[in-house]
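The lines below spell out each chain.
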Amino acid sequence: LLLLDTDGIIQKANGAAARLIGQAVATLKGRPVSAFLDPADAAALVHSLDASMADASAAATSLDLRLLGAYGRKLPVRMQLGQLLVAGRLWLTVATITDTSRALETRTRLQGLSDRLTLATSGQGVGVWDLDLRKWVLQLDPLCCHLYGIDAERSPLPLRARAV
């Protein structure tokens, strides 16, 4: 979380934002937030801040930006800007920063695993099953039903809890 004045200067930052930016909390205060962004993204942020100055009743804005990290690494983030108004005038902008790179990496890794599983099971004649612990059912794919001699119309199979 960052608190920015009307010129985009950081007035306050929490530890999570400082870690994401890669700076100590104490070194962020008084610096323009645009200094930590890719130059093209900094221009978009300045434009968004200017627009919020022009219309204090504007809704919150969400921007996909790139933070400049160590060794020139660019970290994709989503910055949501909200306004803190005092007597109807813009006093501070609240910027919430979310790291989107982990979500993208996770989605990419999961898609790769899913593709590998599909390839492995489709070519080898191996059935796939999935145990849903929340619903307490066993989901079988058609090939698995065939291998175990179960009517595919019966899947998912409800399971019964057994006292141990």
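All of the points below concern the structure found in this document.

Calculation rules
Residues numbered from 1 in each chain as written. Predicted model: local features only at pLDDT ≥ 70, side-chain atom pairs only at ≥ 80, totals over all residues. Heavy atoms only, no water. Helix = DSSP H or I, 4+ residues; strand = E, 2+ residues; numbered from the N terminus. Areas by Shrake-Rupley, 256 points an atom, 1.4 Å probe, with all protein chains shown as cover. Pairing = 2+ DSSP bridges. Patch = residues over 30% accessible without salt bridge, like charges linked within 9 Å, V, L, I, M, F, W, Y side chains within 5 Å. Salt bridge = Lys/Arg side-chain N within 4 Å of Asp/Glu carboxyl O. Buried < 20%, exposed > 50% of the residue type's maximum accessible area, 1.4 Å probe, protein only.

**Examining the overall build of the chain**
Then step 1. Within the chain one finds 5 helices and 8 strands.
Then step 2. When the helices and strands of the chain are placed in sequence order, the string is β-β-α-α-α-β-β-β-α-β-β-α-β.
Then step 3. Accessible surface, the chain: about 11,200 Å² in total, of which carbon and sulfur atoms supply 57%.

**Details of the sheet that holds strand β6 (residues 129-132)**
Then step 1. One open sheet holds the 3 strands; their spatial order is β6-β7-β8, and the pairing between them is antiparallel. A strand with exactly one partner marks an edge of an open sheet, and here the two such strands are β6 and β8 (157-158).
Then step 2. Relative to strand β7 (residues 137-140), β6 runs antiparallel, the two sharing 4 bridges. By the bridge assignment for β7, Trp 129 is matched with Leu 140.

**Observations concerning a nonpolar patch on the surface**
Then step 1. A cluster of nonpolar side chains, contributed by Trp 129, Leu 131, Leu 133, Trp 136 and Leu 159, occupies part of the molecular surface with about 500 Å² of accessible area.
Then step 2. Within the secondary structure, Leu 131 sits in strand β6.
Then step 3. Taking the relative accessible area as the measure of exposure, Leu 131 reaches 34% and is therefore partly exposed.

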